[in-house]
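Chain by chain, the residues run as shown.
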Amino acid sequence: MAAMAAEQRELGRLSALAVYRRVAGAGRMERRRRGAPLPAGRKRAKARLRRGRAGGGGSEPEAPPPAASRVELPVEAPVEAPVDPRPEATAAGPDTKPRGGPKAMPGGPRPAGEDGGGVSGLLRQLARLEDSRQRAAELFRWLLAPVAPAEFLGRHWERAPLLVRRGDPGYYAGLFSTADFDAALRGGEVHFGTHLDVTSYAEGVRETHNPSGRALPAVVWDFYQNGCSLRLLCPQAFSPTVWHFLAILQEQFGSMAGANTYLTPPGTQGFAPHYDDIEAFVLQLEGKKHWRVYRPRTDAEVLPQFSSANLTQPELGEPVLETVLEAGDLLYFPRGFIHQGDCLPDAHSLHITVSSYQRNSWGDFLEKLLPAALQMALEEDVEYRRGLPMDYLQYMGVSNSDTVDARRTAFVEKVQSLIKKLVDYAPIDAAVDQRAKSFLHDCLPPVLTESEKAQSIYGFPARWQDGGPCNVDILITKDTEVRLLRHGIVRLCNEEAGVMLYYTTENSRVYHKEEPKFLELDPEYTDSIEFLLSSYPNHVSVANLPCETLEEKISLATLLFEKGILTTKKPLAKV
């Protein structure tokens, strides 16, 4: 009994980390391989809603969204500015420090005054721009300021790191904070492994210490207090501001914009050196962090398709950039650049990594295009269906590669001819549409302003009142003026099963929690969808939709309004 009591007293003094080590054992603290391979009653004329057929249903994704994946870059000389190799450097970088404040909007400096400061004020000011493409471009400009987007794309994108020192701790104010982190934990929906990783890196060993189940604040903060880093996966699922920020930015990239947040205790490091398969933008939110960035080691690691395993210090060489990020600073590095960050002894660090361009290369596009081109060639050209020579196994293959034989030459020339001819059968636009379809499935749903809600199905005042439903009828007429909610929320795809209109308004904030959403349309409606796209951001009257009859025009507009795809110039009903 005395021994049991002593053990209980000892357990009472143990941290969550120590208890986890006792229960799980070393085998459970896996060394994580990084990124191993995201109305009733009325008939609608000829427009049919059908469920998406992709797998996954409503279940949670098996892996976190691409935000956490690794990347590789081309090996080039680093851009002269603003690389600062001094570990002790703080907010000095003269080439990137703003003079007079960064520009955010064509009409003035970054948001302040009636809109408020920081990210919240910025988002309110962006909401006043009518065109979602302009909102995305302005947010991208703000993210890079004072570096111009054209300069960034020409000198840094997929080429070299960029360090921006702003000397403005409040630049990202309102985007995400340790208070937001704590609120997410207290919301009760954060689970270890699915949403949160507890990590450490010491003496060259990277470990993950995730218990099972819900991530309760007392347990999580005890891990942190004992030197563990916390990585919150998919913060957009818990933070409306991060959701809004990424939902705008994804339209600039034309590729999923994801994010992770990292909270690291003073004097510790949470992750081993590695490279990612994404373009990474590190936004320092609180505290400070010491970073080292290294070139890709080989040509094969330039712009890689997949993230690396954990690397060791002897594998790295000398950093091409070494710096200390402080709140308000930005660090960008392309995929394939090895990186590691550690906290200084005197401050914690909270940063958010915004990422994009995972598996978004020419090679990834050709993976879609070439099989389709070959299938079309097989169907239309008899040359692709002719049989191989009966004796080709005798003179082809690696064992015959050094053999001089006229038959080998003829065989190789035939293959080259068929490959060259394959270009004529390549359905390039259809392959682009399939890439766009995948992107729309990756997308976050749009965040609506109050005025947009009032002009959409989401602000429609239908309700139960006085014993029955009221304000139910959606009274769209030929004179109703409509437009798309966002330019990038729909994509027409001509598929074997018919014409599909994919859309994002019913997506989840959790990566691929929902199946792809689409409407199946009769072909005569494609002109109307294209008309709406080309008219954006202007409103057009329903009467001007290029459908054959007024009934069809109203039916299509009503269907798109009910799915949140269309908004009206004026609210259809007063609340």
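Residues numbered from 1 in each chain as written. Predicted model: local features only at pLDDT ≥ 70, side-chain atom pairs only at ≥ 80, totals over all residues. Heavy atoms only, no water.

The protein is annotated in an unreviewed UniProt entry as Bifunctional lysine-specific demethylase and histidyl-hydroxylase of Vidua chalybeata. Under the heading Subcellular location (unreviewed entry), UniProt records this for the protein: "Nucleus". For the protein, the Sequence similarities (unreviewed entry) comment in UniProt is given as "Belongs to the ROX family. NO66 subfamily." (UniProt positions renumbered as here; feature names shortened; annotations may be inferred.)

### Examining the overall build of the protein
A tally of helices and strands in the protein yields 15 helices and 22 strands. Within the protein, the proportion of its 575 residues that are buried is 50%. When the accessible area of the protein is evaluated, it comes to approximately 27,100 Å², of which 53% is carbon and sulfur surface. (Helix = DSSP H or I, 4+ residues; strand = E, 2+ residues; numbered from the N terminus. Buried < 20%, exposed > 50% of the residue type's maximum accessible area, 1.4 Å probe, protein only. Areas by Shrake-Rupley, 256 points an atom, 1.4 Å probe, with all protein chains shown as cover.)

### Side note on unusual backbone geometry
For the peptide bond that leads from Ala145 to Pro146, omega is 10°, which places it in the cis range. You can see Pro146 is positioned in the loop between helix H4 (132-144) and helix H5 (149-155). In this model, Tyr536 is joined to Pro537 through a cis peptide bond whose omega is 10°. Position of Pro537 relative to the elements: it lies in the loop between helix H14 (526-535) and strand E21 (540-541). Its identity is not glycine, yet Leu303 carries a phi of approximately 50°, on the positive side. Summarising the element assignment, Leu303 is placed in the loop between strand E10 (279-294) and strand E11 (321-326). For Leu303, a relative accessible area of 28% translates into the label partly exposed. Residues other than glycine seldom take positive phi values, yet Arg359 does so here, at roughly 50°. Examined against the element boundaries, Arg359 turns out to sit in the loop between strand E14 (349-356) and helix H9 (362-380). Residue Arg359 is classed as partly exposed on the basis of its relative accessible area of 27%.

### As for the environment of Tyr525
Inspection of the secondary structure assignment puts Tyr525 in the loop between strand E20 (517-521) and H14. Assessed through its relative accessible area of 0%, Tyr525 is described here as buried. Expressed as a C-alpha distance, the spacing of Tyr525 and Cys547, which sit 22 residues apart in the sequence, is 6.6 Å.

### Considering the nonpolar core
Counting residues in hydrophobic clusters, the biggest one holds 57 residues, and the most contacted among them are Leu196, Phe245, Phe281 and Leu283. Looking at this core element by element, the count peaks at eight residues for helix H8 (residues 240-253). Excluding anything up to four places from it in sequence, Phe281 contacts Phe140, Leu143, Leu144, Phe152, Trp157, Phe253, Leu330, Leu331, Tyr332, Ile352, Thr353 and Val354. Within the second largest apolar cluster, 30 residues are counted, among which are Ile476, Leu492, Leu521 and Leu566. (Core = buried A, V, L, I, M, F, W, Y, C linked by side-chain atoms within 4.5 Å. Contact = heavy atoms within 4.5 Å.)

### Quick word on H9
Because each turn of an α-helix spans 3.6 residues, side chains separated by three or four positions in sequence point in the same direction. For H9, with 19 residues, the first-to-last C-alpha span of 26 Å sits near the 27 Å given by 1.5 Å per residue. Bending of H9 peaks at approximately 25° at the position of Lys368, with proline Pro371 no more than four residues after it. Taken residue by residue, H9 has Asp364, Phe365, Leu369, Ala373 and Ala377 as its buried positions. Taken together, the buried residues of H9 touch helix H11 (406-422) and helix H12 (428-442). (Expected span 1.5 Å × (residues − 1). Bend = angle between axes of the 7 residues up to and from the residue.)

### Examining the packing of H9 against H12
Interaxial distance between H9 and H12 falls to 9 Å at its minimum, and their mutual angle equals 120°. Here H9 is positioned oblique relative to H12, judged by the angle of their axes. In terms of crossing hand, the pair formed by H9 and H12 is right-handed. Of H12, the residues touching H9 (which contributes Asp364, Phe365, Lys368 and Leu369) are Ile428, Ala431, Val432, Gln434, Arg435 and Ser438. When its residues are assigned to classes, the contact of H9 with H12 shows five nonpolar, two polar and three charged. (Axes fitted to C-alpha atoms, helices over the stretch in contact; angles between N-to-C directions. Parallel < 35°, antiparallel > 145°, perpendicular 65-115°, else oblique. Left-handed = near helix turned anticlockwise from the far one by under 90°. Nonpolar A, V, L, I, M, F, W, Y, C, P; charged D, E, K, R; others polar.)

### Quick look at the packing of aromatic side chains
Inspection of every chain in the model, using the stated rule, returns 25 aromatic pairs. An angle of 15° between the planes, with centres 6.2 Å apart, marks the rings of Trp157 and Tyr332 as stacked. On the criterion of sequence distance, the pair formed by Trp157 in the loop between H5 and strand E5 (162-164) and Tyr332 in strand E12 (residues 330-333) is long-range, its members being 175 residues apart. Of the residues examined, Trp157 reaches a relative accessible area of 13% and is grouped as buried. Classification of Tyr332 as buried rests on a relative accessible area of 0%. (Phe/Tyr/Trp six-rings, centres within 6.5 Å; stacked < 30°, edge-to-face > 60°.)

### So, the side chain of Asn400
Its location among the elements puts Asn400 in the loop between helix H10 (392-395) and H11. Given the relative accessible area of 16%, Asn400 is considered buried.

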